[in-house]
Amino acid sequence: MSQYQEKATVARIEQFANKNFRLTLHCPQIAVSAKPGQFVMIRTATGKDPLLRRPFSIHQTSSGGGIQIYFKVVGRGTEILSQVKKDQEVSVLGPLGRGFRLGLNGPAIIVGGGLGIAPMLFLAKENCRLKRKCSDDLILLGAREKNELEHLLEDFRRLGLRLLTATDDGSLGHHGFVTEIMQSALPPGCTVYTCGPEPMMARVGKICQSQGIPCQVSVESVMACGMGACLGCSRPAKDGTYTHVCLNGPVYDAEELQWTI
Ligand SMILES: Cc1cc2nc3c(=O)[nH]c(=O)nc-3n(C[C@H](O)[C@H](O)[C@H](O)COP(=O)(O)OP(=O)(O)OC[C@H]3O[C@@H](n4cnc5c(N)ncnc54)[C@H](O)[C@@H]3O)c2cc1C
Ligand code: FES
């Protein structure tokens, strides 16, 4: 798998509610080779603070050589990234990691929660492009409240797939967890793809396991290098060994991992 370090130009920055941002970066080599579920490491500062790159899922790519990331400001790196200006250059390394393995037979059920919705747009688009017929596929998106979800919906709706939403406070769609609407929505022969908070993914994995349905999860880990050099991203696997999320993930079969929740 080819990886590139590009000086990406900021093409667009969008700000949404609750410190959520979407950044469009022109980095044609990464855009053309990226697969859904892969991520990039971005140098957020021009100086040494923070020194390390920060990992972000690829939200979507465009044929014109663009990639998008969708992120929340949680600390110094994301704060700096939220303040970049159009045409500024940002160093981007990628695409990294192993993405989703798209099964082209049977319905795809795409379950995203919170910031875990970020990689699901790219996945849903690629799934539709490769399968051509996606009328049996379903997207389920969950968030705490409407504010965290509504700005993303238009892009998902454009795909023409069935789309259901859930919010913790009931301000949009089902009042409750996205896993509650998922349980009754799993057709025979489907594959589930999920990304979101750990408890959500653990629950999705459990539901799938109980029904014998294959489930791929995209997990996070604190990452220093993103390329297998620092071993900082290790996570317990089901068989008692450790797996390195940047190299072996971030996408796994749910059953490969140990879930502590
Ligand atoms: C493969 C991968 C894909 C990711 N994709 C996205 C994405 O699409 N959108 C997005 O908003 N974020 C994503 N993240 C998380 C993102 O990398 C962190 O939010 C970011 O590195 C925080 O940097 P910071 O300097 O702003 O915060 P820091 O100052 O480094 O940390 C602020 C707080 O966030 C916590 N934190 C930092 N990194 C992580 C992490 N990886 N997981 C859990 N908590 C963390 C820290 O413990 C601390 O409490 C992803 C992480 C990984 C590993
Ligand atoms: S982040 Fe360095 S080995 Fe995975």
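Anyway, here's the lowdown on the structure attached to this text.

A short note on the site of ligand 1
Lining the immediate surroundings of ligand 1 are 19 residues, of which Arg54, Pro55, Tyr70, Gly77 and Thr78 lie closest. Gly75 is positioned such that a nitrogen or oxygen atom in its backbone is 3.1 Å from an oxygen atom of ligand 1. Ser221 is positioned with one of its backbone polar atoms (N or O) 3.2 Å from a nitrogen atom of ligand 1. Isolated, ligand 1 exposes 880 Å² of accessible area, and the fraction of that covered by the protein chains is 72%.

Let's talk about the environment of Phe39
Locating Phe39 in the fold gives a position in strand β3 (residues 39-42). Along the backbone, Phe39 and Pro119 are 80 residues apart, and their C-alpha atoms lie at a distance of 8.6 Å.

Digging into the side chain of Gln68
Along the chain, Gln68 falls in strand β6 (residues 66-72). One polar contact links Gln68 to Thr24, side chain to side chain, over a distance of 3.0 Å. A polar contact of 2.7 Å, which involves the side chain of Gln68, links it to the side chain of Gln60. Here Gln68 is in contact with Glu14, Arg22, Leu23, Thr24, Ser57, Ile58, His59 and Gln60, once residues within four sequence places are set aside.

Structural notes on the packing of aromatic side chains
Taken as a whole and judged by the stated rule, the model has four aromatic pairs. Each ring, one from Phe21 and one from Phe71, has its centre 5.7 Å from the other, and the planes form 20°; the classification is stacked. Linking Phe21 in strand β2 (residues 20-26) with Phe71 in strand β6, this pair joins segments that are 50 residues apart in sequence. Judged by its relative accessible area of 7%, Phe21 falls in the buried class. For Phe71, a relative accessible area of 2% translates into the label buried. Ring pairing ties together the aromatic residues Phe21, Phe56 and Phe71, which thus form one cluster.

A look at the sheet that holds strand β13 (residues 215-218)
With mixed pairing, seven strands are arranged side by side in an open sheet as β11-β10-β9-β8-β12-β13-β16. Here the strands that pair on one side only, and so sit at the sheet edges, are β11 (174-175) and β16 (251-253). Relative to β11, strand β10 (residues 162-167) runs parallel, the two being bridged by two bridges. Residue Thr167 lies in a different strand from β11, and its bridge partner there is His175. Packing of helix α3 (residues 120-131) onto the sheet brings it into contact with β8 (108-113), β9 (138-143) and β12 (191-195), and relative to β8 it is tilted by some 165°. Across the sheet, helix α6 (residues 198-211) lies against β8, β12 and β13, angled at about 170° from β12, the strand it touches most.

Calculation notes
- Residues numbered from 1 in each chain as written.
- Chains lettered and ligands numbered in written order.
- Predicted model: local features only at pLDDT ≥ 70, side-chain atom pairs only at ≥ 80, totals over all residues.
- Heavy atoms only, no water.
- Near = heavy atom within 4 Å.
- Polar contact = N/O pair within 3.5 Å; in protein donor to acceptor, adjacent residues only side chain to side chain.
- Areas by Shrake-Rupley, 256 points an atom, 1.4 Å probe, with all protein chains shown as cover.
- Helix = DSSP H or I, 4+ residues; strand = E, 2+ residues; numbered from the N terminus.
- Contact = heavy atoms within 4.5 Å.
- Phe/Tyr/Trp six-rings, centres within 6.5 Å; stacked < 30°, edge-to-face > 60°.
- Buried < 20%, exposed > 50% of the residue type's maximum accessible area, 1.4 Å probe, protein only.
- Pairing = 2+ DSSP bridges.
- Axes fitted to C-alpha atoms, helices over the stretch in contact; angles between N-to-C directions.

No statement about biological role is implied by the geometric values presented.
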